[in-house]
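Geometric and topological summary
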Amino acid sequence: LAVTFWRIVIAATLLGGLGALRGSRWPRDARVIAWLALSGVLLFAVQFGGIYLGLGSGMPAGTSALIASCCPLVVAVTQAVLGDERLARVQWLGAGLGMTGVVLALLDRISQPRSVGPLLWSLLGLAGFAFGTVLYNRHQAREVDPRVVASIQCGAAAVVLAPWALLSGGLGVPFTARALGATGWLTFINAIGGPLIFFSTLCDAAS
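Nothing here was measured: the structure is a model prediction, and the numbers come from that model.

Scanning the chain for helices and strands turns up eight helices and zero strands. The linear arrangement of helices and strands in the chain, starting from the amino end, is α-α-α-α-α-α-α-α. Relative to the 2.2 N^0.38 estimate, which gives 17 Å for 207 residues, the radius of gyration of the chain is 18 Å and therefore close to what a compact globule would have. Along the first, second and third principal axes, the C-alpha atoms of the chain reach 50 × 45 × 25 Å.

Written out as structure tokens, the structure reads:
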């Protein structure tokens with residue numbers, strides 16, 4: 001969580017700086033800022049916090065990836081229930097088959113009490129990813145520069161991650177080439193490049 005916190009802080013700063021260099025306007029509507037902040041907490045704090053704590057407590061990387069890959073199914077079903085999207089019968093069938101396959105793959109972990117903790121952390125990460133996506137879709141700030149959007153969201157996530165990381169081992173990152181290299185990769189590729197591509201995709205889909 002320490003690495004996650006610092007990469008989010010650096011991303012928020014650099015993305016905000018890029019937005020400022022482009023002369024982008026920051027939103028002034030408190031509701032817009034609040035929705036962006038809430039979706040950022042879900043997407044960047046809850047998602048990564050849950051997934052990484054699940055991995056740290058024993059969840060295999062492959063199983064964690066399987067759980068996270070359910071996000072499109074959860075998003076589609078949630079948006080259909082909320083009336084934001086219509087699913088044909090075959091799509092409902094596909095979503096049901098997909099979720100059934102994941103449950104079957106996880107049965108061995110669900111049946112083992114010692115594995116409940118890692119599974120619950122991973123499911124929390126999935127929930128953050130899915131519901132953060134749904135929330136952003138419902139309250140898109142299309143007039144706001146994606147860099148500014150990501151900066152606000154990362155900043156809000158950092159506020160939540162700071163105490164969470166302190167309670168989970170602190171905010172220190174080892175000053176080794178391996179640790180700093182991993183942090184740099186996660187920052188510039190995942191925390192900066194990832195959100196920009198993610199939000200651009202959502203905007204294209206909405207239009």
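From this point on, the discussion continues.
Here we take up the packing of aromatic side chains. Following the criterion strictly, the structure yields four aromatic pairs and no others. Ring geometry for Phe5 versus Trp6: centroids 4.9 Å apart, planes at 70°, classification edge-to-face. With relative accessibility at 10%, the residue Phe5 sits in the buried group. Three or more aromatic residues link up through ring pairs in this structure, and these residues are Phe44, Phe48 and Tyr52. It is Arg7 that lies over the ring of Phe48; its NZ or CZ is 4.3 Å from the centre.

Time to look at the nonpolar core. Core analysis: the largest hydrophobic core is formed by 24 residues, its most contacted members being Ile8, Ala11, Phe44, Cys154 and Leu161. Every element with two or more residues in this core is listed here: helix H1 (2-21), helix H2 (30-56), helix H7 (146-167) and helix H8 (177-206). Element by element, the count of residues in this core is highest for H7, at nine residues. Contact partners of Leu161, with chain neighbours within four places excluded, come to Thr4, Phe5, Ile8, Phe44 and Ala45. Residues Cys70, Val102, Ala130 and Val134 belong to the second largest nonpolar core, which totals twelve residues.

A few words now on the environment of Gly117. Following the sequence through the fold, Gly117 ends up in helix H6 (residues 116-138). The exposure class assigned to Gly117 is partly exposed, which follows from its relative accessible area of 31%. Residues Gly117 and Ser57, 60 residues apart in the sequence, show an inter-C-alpha distance of 7.5 Å.

Per the stated rule, a full pass over the model turns up three salt bridges. In this structure, the salt-bridge partner of Asp29 is Arg31, at a minimum N-O distance of 3.6 Å. Where Arg147 meets Asp145, a salt bridge forms, and the shortest distance between an N and an O atom there is 3.1 Å. According to the relative accessible area criterion, Arg147 is partly exposed, its value standing at 23%. A relative accessible area of 12% places Asp145 in the buried class. Sharing partners across several salt bridges, the network here consists of Arg22, Asp145 and Arg147.

Rules used throughout
Residues numbered from 1 in each chain as written. Predicted model: local features only at pLDDT ≥ 70, side-chain atom pairs only at ≥ 80, totals over all residues. Heavy atoms only, no water. Helix = DSSP H or I, 4+ residues; strand = E, 2+ residues; numbered from the N terminus. Rg over C-alpha atoms; globule rule 2.2 N^0.38 Å. Phe/Tyr/Trp six-rings, centres within 6.5 Å; stacked < 30°, edge-to-face > 60°. Buried < 20%, exposed > 50% of the residue type's maximum accessible area, 1.4 Å probe, protein only. Lys NZ or Arg CZ within 6 Å of the ring centre and 35° of its normal. Core = buried A, V, L, I, M, F, W, Y, C linked by side-chain atoms within 4.5 Å. Contact = heavy atoms within 4.5 Å. Salt bridge = Lys/Arg side-chain N within 4 Å of Asp/Glu carboxyl O.

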